[in-house]
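# A closer look at the structure
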Amino acid sequence: MRTFLLEIGTEELPAGIFPNIIEQIEDKTKNLLDRYRIDYKDIEVFATPRRLVLFIYGLEDIQRDEIKKVKGPPKNVSLDSNGHPTKALLGFVERQGCSIEDIKFETTSQGEYAFAYIRTGGRPVRDLLGQLSKELISSLEFQRNMYWEDTKFLFSRPIRWLLSLLDDEVISFELAGVKSDRYTYGHRFLAPGPLEIKAVEDYKDTLRSSFVMFDHRERRDYILKEVEKRAYEIQAKPILTEDLLNEVTFLVEFPFIILGEFSREFLEIPREILTTVMIHHQRYIPLEKDGSLYNGFIIVSNMGDKAEENIRRGNERVISARFSDAKFFYKRDTSIPLKDRIKDLEKISLPGEEGTLKDKVERMRLVLNYLIDALRLYDIKDDLNTALDLCETDRTTEMVKEFPELHGIMGGIYARLNEKEEVWKSIYYHESENPQVLGAKLLAISEKMYDIVSHFNEGYIPSGSQDPYGLRKSAYTLVSLLGDNDIDVELGPIMDILECKDKNEVWNFLTQRLYAYLLNRGIKRDLVESALGLDTTSVAKITNTALTLQKLSIKDSFPLFITSAVRCYRITKDVEDLPACDPSYFQIEDEENLYRFIKDFPKDMSSLEERYETLLPLVEMLDRFFKNVFVMVDDEKIRNNRLSLLKETYRLFAPFGDLTKVEERL
């Protein structure tokens, strides 16, 4: 068994693409190997800013044989009365290039036919890997592509070299004007020359000795360990999010951890501003000490050793200049109360839609007041509307113009100077993925519904990888908000309020996100599909139904419960406009018993679990009914009456969704 190595050497790739592109390479490689009928043991994918690396371990020398099945003439045409091949069969055999021994007779829906099983021997795997590599590289999808050479091959960044080895043998192919060979390159600055790889087994050690830590998992762990070590040296703690750690991991090929400082006077600026500048603009790791922000930061650099001092001083100058600007913006912004900025919303146009920010706020107000009425939140209505008036005003500030990612946070910070707690917190948290206060949740729901509907109305509907206004993320955040916080409101009326042009299109878009959200909560696929069959546009109702079905599904009675519901559905699904069930047509006691159960069934239930327990007697009752009652009798009135009875029975199961989607039944 052999090992194949493919390295795609590029100009520096954007750090944000790597989690997706690593997954793409792994999935697409597996699919290609399967399509090419190549057996293997394992796959590993690694990445640095300048290279994408694929290892395929345990490759067989020869691809699997291909067995092609071709349908021939019917058996009665293929064989004569003595069972000997006819001219029709012999002609078929000749055309297929096989022998009589390769023919088998099989029964089909049209009768018995001859089938030829033609085996084609596999080719050497080494002859296939070049084309496979070209297909793999060409199939990779990026949000933004570019071309840079005569063939106009599209990739995220220019491809500069291709290393392609099967053990010690070069697998030759050409792509984007680059021919594959056995050469790679070390660290751009610390070991910039070409490196010959004589065999795959030499690759890892050769790169390590050339300052390339190509395994991103190792690089990530090393950065985390060294950052914590440097912070501990000054008795501080790093403020290191998963997103920031992943980003710095893919910004360097060999990490050097450098500690920098800034003047303590900048600590007078709100912490959120300082950390945003450090994290989002400089990719520094902020530090805190004794619960407060520390006037220091950590740089994950791609160079170090002799250059460390210059790197530290240069970054300290940069951050000081950034903080000086922020301090100036903060003082200038706080000289104007947010309420005085409301009038300026009319001057800001909305991207991708008609109107201004002022128009958006007024449309959001309609949604917000619907939410207030639906949830009976009249005691905080004034505070919520005040928060809505102010929630977009920070877009007129110098700080948010310079640092757009601070929208919401800066509004909350500035509102804190003049407004009550409920108001400023609603503004502060409304842009976060999981707002901490109710007011912020309601503002977020109002805004995301507005954004989705308005962009759909304007024709900006996400397709493929195109989603310029981030509507998929907005929709996922919206359903998470409603589901996680059990905010039971119908979204259909909100679409009406916003004059949605195609409610079905918007609801289908939202349910796709809701489907993913419920799967991510660990709910089984068929139970999610059942809950999505509810006649509602309330995300909370659908979520609670899916969770309840998951809880009930472990009960021994659950498969029989589902079977009973499905039997009622299947026999009545194609029947419409039935007359109301009339007891005077009953002929068998089981009809009367079922009718009485329906009529006596409680109108109000405190929970779906209570409804489930109350419906359980139906399982045995329906089993007796179907044994003793023949529904599809010739007498139309009796037949329709029995169908109407079963239709009413199935309605008792309706609050559980579309139970025909549930796989667990007997």
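Up top is the structure.
Residues numbered from 1 in each chain as written. Predicted model: local features only at pLDDT ≥ 70, side-chain atom pairs only at ≥ 80, totals over all residues. Heavy atoms only, no water.

### Some thoughts on the overall build of the protein chain
For the record, the criterion: Helix and strand labels come from DSSP, where a helix needs a run of H or I of at least four residues and a strand needs a run of E of at least two; each type is numbered from the N terminus. C-alpha atoms define the radius of gyration, and 2.2 Å times the number of residues to the power 0.38 defines the globule rule. Partly exposed describes any residue whose relative accessible area lies between the buried limit of under 20% and the exposed limit of over 50%, with all areas from a 1.4 Å probe on protein chains only and scaled to the type maximum. In these tables, accessible area is a Shrake-Rupley quantity obtained with a 1.4 Å probe, and a residue counts as shielded only by the protein chains included in the view. All tallies of charge rest on Lys and Arg as positive and Asp and Glu as negative; His and the ends of each chain are not included. Each charge is placed at NZ for Lys, CZ for Arg, CG for Asp and CD for Glu.
Summing up its helical and strand segments, the protein chain has 25 helices and 16 strands in all. A compact globule built from 666 residues should have a C-alpha radius of gyration of about 26 Å, whereas the protein chain, at 34 Å, is more than 25% larger. Dimensions along the principal axes, computed over C-alpha positions, put the protein chain at roughly 90 × 80 × 45 Å. Per-residue burial over the protein chain gives 50% buried out of 666 residues. Looking at the protein chain as shown, the accessible area adds up to about 32,800 Å², and 46% of this sits on carbon and sulfur atoms. When the 93 basic and 116 acidic side-chain charges of the protein chain are each reduced to a single mean position, those positions are 2 Å apart.

### Overview of the packing of aromatic side chains
Counted only if it meets this: Pairing of aromatic side chains requires ring centres within 6.5 Å, counting the rings of Phe and Tyr and the six-membered ring of Trp. Pairs whose planes differ by under 30 degrees are stacked, by over 60 edge-to-face, and all others tilted. Whether a charge sits over a ring comes down to the Lys NZ or Arg CZ being within 6 Å of the ring centre and within 35 degrees of the ring normal.
In the structure shown here, the tally under the stated rule is 30 aromatic pairs. Ring centres of Tyr-460 and Tyr-469 lie 5.2 Å apart, and the angle between their planes is 75°; on these two criteria the pair is classed as edge-to-face. On the basis of relative accessible area, Tyr-460 is assigned to the partly exposed category, the value being 38%. Looking at Tyr-469, the relative accessible area reads 30%, which means it is partly exposed. Members of the aromatic cluster, connected to one another through ring pairs, are Phe-561, Tyr-569, Tyr-612, Tyr-650, Phe-653 and Phe-656. Geometry around Tyr-113 places Lys-71 over its ring, the cationic atom sitting 4.2 Å from the centre. Seen from the ring of Tyr-117, Lys-104 lies directly overhead, with NZ or CZ sitting 5.2 Å from the centre.

### What about the pairing of strand 7 (residues 159-166)?
Which entries qualify depends on this criterion: Two strands form a pair only when DSSP identifies at least two bridges running between them.
For strand 7, the buried fraction is high: seven of the eight residues fall into the buried class. Two elements, strand 1 (residues 2-10) and strand 7, share seven bridges in a ladder whose sense is antiparallel. The residue of strand 7 that forms the bridge with Phe-4 is Leu-166. The pairing of strand 7 with strand 8 (residues 169-170) spans two bridges and is classified as antiparallel. Residue pairing in the sheet places Leu-165 in a bridge with Val-170 of strand 8.

### Some details on the sheet that holds strand 8
Spatially, five strands are ordered 2-3-1-7-8 in an open sheet, and the strand pairing comes out antiparallel. At either margin of the open sheet sits one strand with a lone partner, and together these are strand 2 (42-48) and strand 8.

### Comments concerning the sheet that holds strand 16 (residues 292-301)
Taken in spatial order, the four strands make up an open sheet running 13-15-16-14, and their pairing is antiparallel. Strand pairing shows two members of the sheet lacking a second neighbour, strand 13 (237-238) and strand 14 (256-261), which therefore form its edges. Bridge analysis of strand 15 (residues 285-289) against strand 16 gives four bridges, and the strand direction is antiparallel. Within the sheet, the bridge partner assigned to Lys-289 lies in strand 16 and is Ser-292.

### Some words on the packing of helix 22 (residues 589-600) against helix 25 (residues 636-651)
Just so we agree on the cut-off: Axis angles are defined between N-to-C directions and span 0 to 180 degrees, where every axis is a line fitted to C-alpha atoms and, for a helix, only to the segment in contact. We call a crossing left-handed when the near helix sits turned anticlockwise from the far one by less than a right angle, and right-handed when that turn is clockwise. Note on contacts: a residue pair qualifies if any of its non-hydrogen atoms lie within 4.5 Å across the two residues. Polar here means any residue outside two lists: the nonpolar Ala, Val, Leu, Ile, Met, Phe, Trp, Tyr, Cys and Pro, and the charged Asp, Glu, Lys and Arg; Gly therefore counts as polar.
Across the interface, helix 22 lies against helix 25 with an axial gap of 10 Å and an inter-helix angle of 35°. The handedness of the crossing between helix 22 and helix 25 comes out as left-handed. From helix 22, Glu-591, Leu-594, Tyr-595, Ile-598 and Lys-599 reach across to helix 25, where they touch Arg-642, Leu-645, Leu-646, Glu-648 and Thr-649. Residues belonging to the contact of helix 22 with helix 25 are distributed by class as follows: five nonpolar, one polar and four charged.

### Some details on the pattern of salt bridges
We count it as follows: The salt bridge definition used is simple: a Lys or Arg side-chain nitrogen within 4 Å of an Asp or Glu carboxyl oxygen.
Taken as a whole and assessed by the stated rule, the structure comprises 55 salt bridges. For the salt bridge of Arg-2 with Asp-167, the shortest nitrogen-to-oxygen distance reads 3.1 Å. Placement of the pair is Arg-2 in strand 1 and Asp-167 in the loop between strand 7 and strand 8, with a sequence separation of 165 residues. Between Glu-591 and Arg-642 there is a salt bridge whose closest N-O contact spans 3.0 Å.

### Some points on helix 4 (residues 129-139)
For clarity, the cut-off: The arc refers to the directions leading from the helix axis to the C-beta atoms.
Looking at helix 4, one finds that the buried residues are Leu-129, Gly-130, Leu-132, Ser-133, Leu-136 and Ile-137. What you see down the axis of helix 4 is that its buried residues fit within an arc of 160°, all on one side. Structurally, helix 4 contributes buried residues whose contacts are with strand 1, helix 1 (18-35), strand 3 (51-59), strand 7 and strand 9 (174-175).

### A look at the nonpolar core
Under the convention used in this document: For this analysis, a nonpolar core means a set of buried residues of the types Ala, Val, Leu, Ile, Met, Phe, Trp, Tyr and Cys, connected via side-chain atoms within 4.5 Å.
With 125 residues, the main nonpolar core has Leu-491 and Leu-510 as its most contacted residues. Sort the elements by how many residues they give to this core and helix 15 (residues 438-457) lands first, with 10 residues. Setting aside anything within four residues of it in sequence, one finds Leu-491 in contact with Met-449, Leu-482, Trp-507, Leu-510, Thr-537 and Val-539. One finds Ile-25, Phe-155, Ile-159 and Ile-171 within the second-largest nonpolar core, a separate group that totals 40 residues.

### Re a nonpolar patch on the surface
Stated precisely, the cut-off is as follows: Put simply, a patch holds well-exposed residues, over 30% relative accessible area, that have no salt bridge, with like charges counted together within 9 Å and Val, Leu, Ile, Met, Phe, Trp or Tyr side chains within 5 Å.
A surface patch of nonpolar side chains, about 250 Å² in accessible area, is lined by Phe-189, Leu-190 and Phe-211. Here Phe-189 lies in the loop between strand 11 (183-185) and strand 12 (194-196).

### A look at unusual backbone geometry
With a phi close to 55°, Lys-152 is a non-glycine residue in the positive phi region. Relative to the elements of secondary structure, Lys-152 occurs in the loop between helix 4 and strand 7. In this model, Gln-235 sits at a positive phi of 60°, which is unusual for a non-glycine residue. When you line up the elements, Gln-235 lands in the loop between helix 6 (216-233) and strand 13. A relative accessible area of 54% means that Gln-235 is categorised as exposed.

### Thoughts on the environment of Leu-224
On the secondary structure map, Leu-224 appears in helix 6. Residue class for Leu-224 comes out partly exposed when judged on its relative accessible area of 28%. With 21 residues separating them in the primary sequence, Leu-224 and Leu-245 have C-alpha atoms 7.6 Å apart. Ignoring sequence-local partners within four residues, the contact set of Leu-224 consists of Leu-240 and Leu-245.

### Section: the side chain of Ser-133
Topologically, Ser-133 is positioned in helix 4. What makes Ser-133 buried here is its relative accessible area of 1%. If near-sequence neighbours (up to four positions away) are discounted, Ser-133 is found in contact with Phe-4, Leu-6 and Phe-173.

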